Amino acid sequence: MIDLSQTISSNTIVYTLDMVGVAACTIAATILAKRLQFDVLGAFFVSFLGSVGGGTLRDLLLNRHPIFWLHDLNYIHFIIGLSLIVQIFYHYVERLDKALRWFDALGLAAFTVIGVESALSRNMSAPIVMLMGVFTAIIGGVFRDIVCRQIPLVLQKEIYITASLVGSVYYLLLLQTGINEWLRSISTLLLIFSVRMLAVYRGWNLPDITLQPKEKQK
Amino acid sequence: MIDLSQTISSNTIVYTLDMVGVAACTIAATILAKRLQFDVLGAFFVSFLGSVGGGTLRDLLLNRHPIFWLHDLNYIHFIIGLSLIVQIFYHYVERLDKALRWFDALGLAAFTVIGVESALSRNMSAPIVMLMGVFTAIIGGVFRDIVCRQIPLVLQKEIYITASLVGSVYYLLLLQTGINEWLRSISTLLLIFSVRMLAVYRGWNLPDITLQPKEKQK
Amino acid sequence: MIDLSQTISSNTIVYTLDMVGVAACTIAATILAKRLQFDVLGAFFVSFLGSVGGGTLRDLLLNRHPIFWLHDLNYIHFIIGLSLIVQIFYHYVERLDKALRWFDALGLAAFTVIGVESALSRNMSAPIVMLMGVFTAIIGGVFRDIVCRQIPLVLQKEIYITASLVGSVYYLLLLQTGINEWLRSISTLLLIFSVRMLAVYRGWNLPDITLQPKEKQK
């Protein structure tokens, strides 16, 4: 007999996580669009790209059809509604710059967990699972930055992809233990969130691994 | 008994619309490529991207295979032939700047209708149908602008996505009536074209919905 | 009875070619990423995009699943390992600028042959086969340049797409003869490589086909 309550509660977690990530990305993308003076629909477009772009590429690569937002219209309605609110109250939201970093880190964490779980449900190997976690978490932002002609920040000097990878590895390790699904998702989420926020406040970067030629070291 | 004449005529309309859109996008992309001093093949590449990019993404998202230009070689031949002509007569075509706007608006209208009909043929819901209309109409241009390092104009201050959306809504409303297919496509095309051209000549923009904080309104 | 030795040797050629192309693109992408001060993981990401991006788009367009690097993890391991080495010895690799051009040309040649053979294995028509050769060879570099905000060089004034196309046509012609598979792949590879290197050293460009208006010709 299937434990329905378990299934529902697990799906609910994933879905809630996903919406948290979508919300974080929609807010970030709408603010960027406003700065670039895009109009209402342009901001919708960039929000849509930034928040479901990563998951869409993941689904295309894994050949998962239909793409999630094609059959669950909540995504479109949620993105449009939230982006509209952010646009109306733009001058107030803009002041919350610091708060947004927390939200952005939450998005990174949520999307990584979603990506990892998607790849696992398609029986992918560990490296692909980690890659799909990272892709789901960062590609939307990369797409958004490309359309808005920014050099994607996530590729530069910040612990961003790293936080996502640390979380994926942790999730895969937990999978070897018998730990319950709910705890696995939530603790991974918290780990990624913590690594990212610590990196922001401590100014953590990855070390430079490039060897310096002798003459330059003087 | 199937009304063959009806089927053929309806397919012919769609196909003609599609080629009009492809022509408009090829001309616009080739002119941009020449300005950036791309060579002959670079201009072909950008033309191809600009004119079939939107439909290709739509087909990938809807999982429609084979992609339309893989089995109908007319697209490739038409794009290469037209881009070649535009390149040869570039200094003459460039002068037709105003005429190009009309052509561009026709492309927007044609691709929206094509996108809407593609999504309907896959039994998509109304919001997805509207989205696919917009995607088919604008994504090619967005791709083209990204490769050419322009900020995509369609996302900024012009009634462009709006015209496409107005047309999609109108098409979906007509679908509720018993109106004949031919009339539905053509009248939607004319509506989008008119909205776009009126916006160009009257300088229409979407209103700014952002609330201004009190202190700034003085 | 199947000639196993033939099958294996042919697959080995294709696989070796592919890895040569991946190596060339990984080195080029890592160097670009280091110049833009991307961190270790950012450089991995750009290397991955630059080296398997073209093949991935080709597989998505041709609906070939699973995407090649999803089931053959050698690609990921090879790219990460090589990119790591290039990053560590960046200041030494950078000096090999001229040598890199040879490597890059080899990548162009290898990826074209792979792309042509992929499309042929899906029974595509000649124009699509040529297009897939070009796409596989150049799209990864175009993606890389887009993320790194460079105008894609391949679209500008250099014999690059041309070399790829010349090779595709030559391959398709050889296919009409009874020539053995091994010779077909290798001679196409050498042809593309030679055309590209000659273009680099002789400064070959495609002729400008644009007609100059009379008044400008004085």
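The model shown is predicted, which means the values in this text are computed figures rather than measured ones.

A. Structural context of the packing of helix α7 (residues 126-147) of chain C against helix α8 (residues 161-176) of chain C. All names here are of chain C. Packing of α7 against α8 brings their axes to within 9 Å, and their N-to-C directions diverge by 140 degrees. Classed by the angle they form, the pair α7 and α8 counts as oblique. Two packed elements cross with a definite hand, and for α7 against α8 that hand is right-handed. Where α7 approaches α8, its residues Ala126, Val129, Met130, Gly133, Val134, Ala137 and Ile138 are matched on the opposing element by Ile161, Ser164, Leu165, Ser168, Val169 and Leu172.

B. Spatial organisation of the relation of the copies chain C and chain A. Rotating chain C by 120 degrees and moving it 0.0 Å along the rotation axis overlays it on chain A with an RMSD of 0.0 Å. In short, the pair behaves as if placed about a three-fold rotation axis. Looking at chain C, a mere 9% of its interface residues are interface residues in chain A too, so the copies touch through different faces.

C. Layout of the UniProt feature "domain: Glycine transporter" (unreviewed entry) in chain A. As annotated by UniProt and renumbered to match this structure, "domain: Glycine transporter" (unreviewed entry) occupies residues 16-90 and 102-174 of chain A. When the span residues 16-90 of chain A is considered, its composition is 83% helix and 0% strand, and the gap between its end C-alpha atoms is 25 Å.

D. Representation of the packing of aromatic side chains within the structure. Inspection of every chain in the model, using the stated rule, returns 27 aromatic pairs over all chains. With a centroid separation of 6.2 Å and an interplanar angle of 80 degrees, the aromatic rings of phenylalanine 45 of chain A and phenylalanine 135 of chain B are classed as edge-to-face. Linking phenylalanine 45 of chain A in helix α2 (residues 40-61) with phenylalanine 135 of chain B in helix α7 (residues 126-147), this pair reaches from one chain into another. One exposure class covers both phenylalanine 45 of chain A and phenylalanine 135 of chain B, and it is buried.

E. Structural detail: the environment of glutamate 117 of chain B. All names here are of chain B. Its location among the elements puts glutamate 117 in helix α6 (residues 97-121). Along the sequence, glutamate 117 and valine 129 sit 12 residues apart, while their C-alpha atoms lie 8.0 Å from each other. With residues near it in sequence (within four places) discarded, glutamate 117 still touches Val14, Tyr171 and Ser185.

F. The interface of chain B and chain A, seen in detail. Contacts between the two partners involve 37 residues from chain B, matched on the other side by 32 residues from chain A. Of the roughly 2900 Å² buried at the junction of chain B and chain A (both faces included), carbon and sulfur atoms supply 72%. Broken down residue by residue, the surface that chain B buries against chain A is led by Leu61, Leu155 and Ile209 of chain B, which jointly contribute 21%. One can count 0 salt bridges joining chain B with chain A. On the surface where chain B and chain A come into contact, there are 5 residue pairs in polar contact (both at pLDDT 80 or more). Among the elements of the structure, α2 (40-62), α7 and α8 (161-176) of chain B are those that each provide at least two residues to the side of chain B that touches chain A. A per-element tally of the side of chain B that touches chain A places α7 of chain B first, with 9 residues. Each residue belonging to the side of chain B that touches chain A can be placed in one class, and the counts come to 23 nonpolar, 7 polar and 7 charged.

Definitions and limits used
Residues numbered from 1 in each chain as written. Chains lettered and ligands numbered in written order. Predicted model: local features only at pLDDT ≥ 70, side-chain atom pairs only at ≥ 80, totals over all residues. Heavy atoms only, no water. Axes fitted to C-alpha atoms, helices over the stretch in contact; angles between N-to-C directions. Helix = DSSP H or I, 4+ residues; strand = E, 2+ residues; numbered from the N terminus. Parallel < 35°, antiparallel > 145°, perpendicular 65-115°, else oblique. Left-handed = near helix turned anticlockwise from the far one by under 90°. Contact = heavy atoms within 4.5 Å. Least-squares fit on C-alpha atoms with pLDDT ≥ 70 in both. UniProt positions renumbered as here; feature names shortened; annotations may be inferred. Phe/Tyr/Trp six-rings, centres within 6.5 Å; stacked < 30°, edge-to-face > 60°. Buried < 20%, exposed > 50% of the residue type's maximum accessible area, 1.4 Å probe, protein only. Buried area = accessible area lost by both parts, 1.4 Å probe. Salt bridge = Lys/Arg side-chain N within 4 Å of Asp/Glu carboxyl O. Polar contact = N/O pair within 3.5 Å; in protein donor to acceptor, adjacent residues only side chain to side chain. Nonpolar A, V, L, I, M, F, W, Y, C, P; charged D, E, K, R; others polar.

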